[in-house]
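The primary structure of each chain is shown beneath.
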Amino acid sequence: VSRIETPEGNTVHVETTSVQDMDLFIVDVKTGVLERLTDTPGVMEKWPSYSPDGEQIVFVGRIDTDTMKNVPRDVFVMDANGANRRLLAHHTEGQFVFNPDWRWSPDGSRIAYALNNVSISDYEHFSDIFVINVKEGNLANLTNSPYVIDSEPAWSPDGHKIAFYLGNAAEGYRTVVKDVETGQMTLLDQGSSYPSWTPDGSGLIFTNPLNVFELMVVDADGKNPRTLAVTKDVSISNPVWLFE
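Residues numbered from 1 in each chain as written. Predicted model: local features only at pLDDT ≥ 70, side-chain atom pairs only at ≥ 80, totals over all residues. Heavy atoms only, no water.

Caption draft 1: Spatial organisation of a nonpolar patch on the surface. Side chains of Phe25, Val27 and Leu34 sit close together on the surface and give an oily, nonpolar patch of about 270 Å² of accessible area. Mapped onto the elements, Leu34 comes out in strand S4 (residues 34–36). (Patch = residues over 30% accessible without salt bridge, like charges linked within 9 Å, V, L, I, M, F, W, Y side chains within 5 Å. Areas by Shrake-Rupley, 256 points an atom, 1.4 Å probe, with all protein chains shown as cover. Salt bridge = Lys/Arg side-chain N within 4 Å of Asp/Glu carboxyl O. Helix = DSSP H or I, 4+ residues; strand = E, 2+ residues; numbered from the N terminus.)

Right, here's the structure in full:
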């Protein structure tokens, strides 16, 4: 995107978007009209996600300075029209927000996301699941598990629990359910990325690890795994149960 202006003296001034600058836009899919939401030189805004009611947008802002060059550490929220932008969280050295898997709670009051931690090791991008209160800005590390990759959080329909993917290359991966209020954690035997809840919140669906043609469901406490459907020749990968 470029802007051309003709100031006094009839000279032409051209401003172009730097590779270190990225702004957020929305486009009307019916009319094709493009609307700018942010205009922040020196800040690269990425990975926007709408709140459940469509009234707010959370996104990452990468600020290029001498001490934090090219490192996305700041989490922002703003109204859907770009107004009332505010900083929700600033992460410290060694931590960065990259492709954070934003997950708004069903009531829109909290956001769960994955935070990379390169201060532990540069061999794997170890990560934790953080939860932030949108109104108050309170930030909590839900998992706090060094040398483990925690990713892909999914809120239960009632907003009391979060399922996520946990593991590392040496120990393997599995799905975990954690109660946000009590901290109680349940490790499921079923290893399935992208956890997806049933609409009533009683269980999660997954692909049978021994049969990619079988869709299964297991109770949220890890018990009673059972078959939902079997396909003849179509493999199932990362199933998602769609519900309002």
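Right, picking up where we left off after that structure.
Caption draft 2: Looking closely at the pattern of salt bridges. Applying the stated rule across the entire model yields five salt bridges. Arg36 serves as the salt-bridge partner of Asp23, at 2.6 Å between the closest nitrogen and oxygen. Of the two residues, Asp23 is situated in the loop between strand S2 (13–16) and strand S3 (25–27) and Arg36 in strand S4; the sequence distance between them amounts to 13 residues. On the accessibility criterion, Asp23 (14% relative accessible area) is buried. Assessed through its relative accessible area of 33%, Arg36 is described here as partly exposed. One salt bridge in this structure joins Asp219 and Arg226, with 3.1 Å as the shortest N-O distance. (Buried < 20%, exposed > 50% of the residue type's maximum accessible area, 1.4 Å probe, protein only.)

Caption draft 3: Structural detail: the environment of Val131. Assignment of secondary structure puts Val131 in strand S12 (residues 127–133). Take Val131: its relative accessible area is 10%, and that puts it in the buried class. A sequence separation of 29 residues divides Val131 from Trp102, and the C-alpha atoms of the two residues are 9.9 Å apart. In this structure, Val131 is in contact with Arg110, Ile111, Ala112, Asn138, Leu139, Ala140, Leu142, Trp155 and Ile162, ignoring residues within four places of it in sequence. (Contact = heavy atoms within 4.5 Å.)

Caption draft 4: Structural detail: the packing of aromatic side chains. What the rule picks out here adds up to four aromatic pairs. Between the aromatic rings of Phe59 and Phe76, the centroid separation amounts to 5.6 Å while the plane-to-plane angle is 15 degrees, which identifies the pairing as stacked. In this pair, Phe59 is assigned in strand S6 (residues 56–63) and Phe76 in strand S7 (residues 72–79), connecting sequence segments 17 residues apart. These aromatic residues form a ring-pair network of at least three members: Trp102, Tyr113 and Phe130. Against the face of Phe76 rests Arg85, its NZ or CZ located 4.3 Å from the ring centre. (Phe/Tyr/Trp six-rings, centres within 6.5 Å; stacked < 30°, edge-to-face > 60°. Lys NZ or Arg CZ within 6 Å of the ring centre and 35° of its normal.)

Caption draft 5: Examining the sheet that holds strand S21 (residues 226–230) more closely. On the basis of which strands lie adjacent, the open sheet formed by four strands has the order S18-S19-S20-S21 and antiparallel pairing. Whereas interior strands pair on both sides, the edge strands pair on one side only; in this sheet they are strand S18 (196–197) and S21. Pairing between strand S19 (residues 203–207) and strand S20 (residues 214–219): five bridges, direction antiparallel. Within S20, the residue paired with Leu204 across the bridge is Val218. (Pairing = 2+ DSSP bridges.)

Caption draft 6: Representation of unusual backbone geometry within the structure. Of note in this structure, Asn224 is not a glycine but carries a positive phi near 60 degrees. Within the secondary structure layout, Asn224 lies in the loop between S20 and S21. On the basis of relative accessibility, which here comes to 42%, the residue Asn224 falls in the partly exposed class. With phi around 50 degrees, Asn238 is a residue other than glycine that occupies positive phi space.

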